[in-house]
Amino acid sequence: EYLKNNLKGLLGSYNEFIKTASAFMERQPYSSRVINEFNAVADSYSDRLHSIGISRNQDGDLILNEDQMENALAGEDVEELLGSVKDFTESLVKKTDNVSINPMNYAHKTIVAYKNPGHGYASPYVTSAYSGMMFNSYC
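Calculation criteria
Residues numbered from 1 in each chain as written. Predicted model: local features only at pLDDT ≥ 70, side-chain atom pairs only at ≥ 80, totals over all residues. Heavy atoms only, no water. Phe/Tyr/Trp six-rings, centres within 6.5 Å; stacked < 30°, edge-to-face > 60°. Helix = DSSP H or I, 4+ residues; strand = E, 2+ residues; numbered from the N terminus. Buried < 20%, exposed > 50% of the residue type's maximum accessible area, 1.4 Å probe, protein only. Salt bridge = Lys/Arg side-chain N within 4 Å of Asp/Glu carboxyl O. Polar contact = N/O pair within 3.5 Å; in protein donor to acceptor, adjacent residues only side chain to side chain. Contact = heavy atoms within 4.5 Å. Axes fitted to C-alpha atoms, helices over the stretch in contact; angles between N-to-C directions. Parallel < 35°, antiparallel > 145°, perpendicular 65-115°, else oblique. Left-handed = near helix turned anticlockwise from the far one by under 90°. Core = buried A, V, L, I, M, F, W, Y, C linked by side-chain atoms within 4.5 Å.

Participant: Mind showing me how you'd approach the packing of aromatic side chains here?
Facilitator: Note on aromatic pairs: each is described by the distance of the centres and the angle between the planes. Applying the stated criterion across every chain, the model contains three aromatic pairs. Arranged with centres 6.4 Å apart and planes meeting at 55°, the rings of Tyr14 and Phe88 form a pair that is tilted. Of this pair, Tyr14 sits in helix 1 (residues 2–23) while Phe88 is found in helix 5 (residues 78–101), placing the two residues 74 residues apart along the sequence. Each member of the pair Tyr14 and Phe88 is classed as buried. The interplanar angle of 50° and the centroid separation of 4.7 Å between the aromatic rings of Phe17 and Phe38 together place this pair among those described as tilted. Pair noted here: Phe17 is in helix 1 and Phe38 is in helix 2 (residues 31–44), with a separation of 21 residues, a long-range link. Overall, Phe17 belongs to the partly exposed group, its relative accessible area being 36%.

See below:
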């Protein structure tokens, strides 16, 4: 029961994130990039997730087939099945971290960096243009 509730929570959060990002498509067309990247993560694990009962419905949402999950967990490959879910979750967390580090990759905005000519120090925008904008007020 605990595992089923956690899986439903994970899938519900994933589906809600995709729906929320889709709501911004008219105002921010680059949000399709984040949707495509998260869907690519889910698609890359589709075979492994299907073996534990997770698949897509007609709307594209990830859903859990509880009967299939219970049958799969009754088998001998429980460690491998749970490892697949863990790997999928870690990939989603990694993708989320990448988006949060540089959200400007997912926005259609022009960024202009005015470098100080003649000075040889590193640009604050090397890691991320977004982090450079956060520290811009300190300069």
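Participant: I keep staring at the pattern of salt bridges and nothing clicks. Help me out?
Facilitator: The tally for this structure, following the rule as stated, stands at seven salt bridges. Across the salt bridge formed by Lys4 and Glu66, the nearest N and O atoms sit 3.3 Å from each other. Taken together, the residues Lys4 in helix 1 and Glu66 in helix 4 (residues 66–73) connect sequence positions 62 residues apart. Across the pair Glu66 and Lys8 runs a salt bridge, and its minimum N-O distance is 2.6 Å.

Participant: Teacher, can you tell me more about the side chain of Asp61 here?
Facilitator: Residue position: Asp61 is located in the loop between strand 1 (54–56) and strand 2 (62–64). One polar contact links Asp61 to Lys19, side chain to side chain, over a distance of 3.3 Å. Once residues within four sequence positions are removed from consideration, Asp61 is found in contact with Asn15, Lys19, Ser55 and Arg56.

Participant: Just checking my understanding: could you explain the packing of helix 1 against helix 5 for this structure?
Facilitator: For any two helices packed against each other, one specifies the crossing angle of their axes together with the interaxial distance. Helix 5 packs onto helix 1 with a crossing angle of 30° between their chain directions and a minimal axis gap of 12 Å. If you check the angle between helix 1 and helix 5, you find them roughly parallel. The hand of the helix 1/helix 5 crossing is left-handed. When helix 1 is examined against helix 5, the residues Leu3, Leu7, Leu10 and Tyr14 are found in contact with a partner set consisting of Leu82, Val85, Phe88, Thr89 and Leu92.

Participant: Is there a simple way to think about the nonpolar core in this case?
Facilitator: In a soluble, globular protein the nonpolar side chains are often hidden away together inside. Residues Tyr14, Val34, Phe38, Ile54, Leu62 and Phe88 are the most contacted members of the largest nonpolar core, which totals 24 residues. Where this core is concerned, the elements lending two or more residues are helix 1, helix 2, strand 2, helix 4 and helix 5.

Bear in mind that shape data such as this cannot, by itself, settle questions of function.
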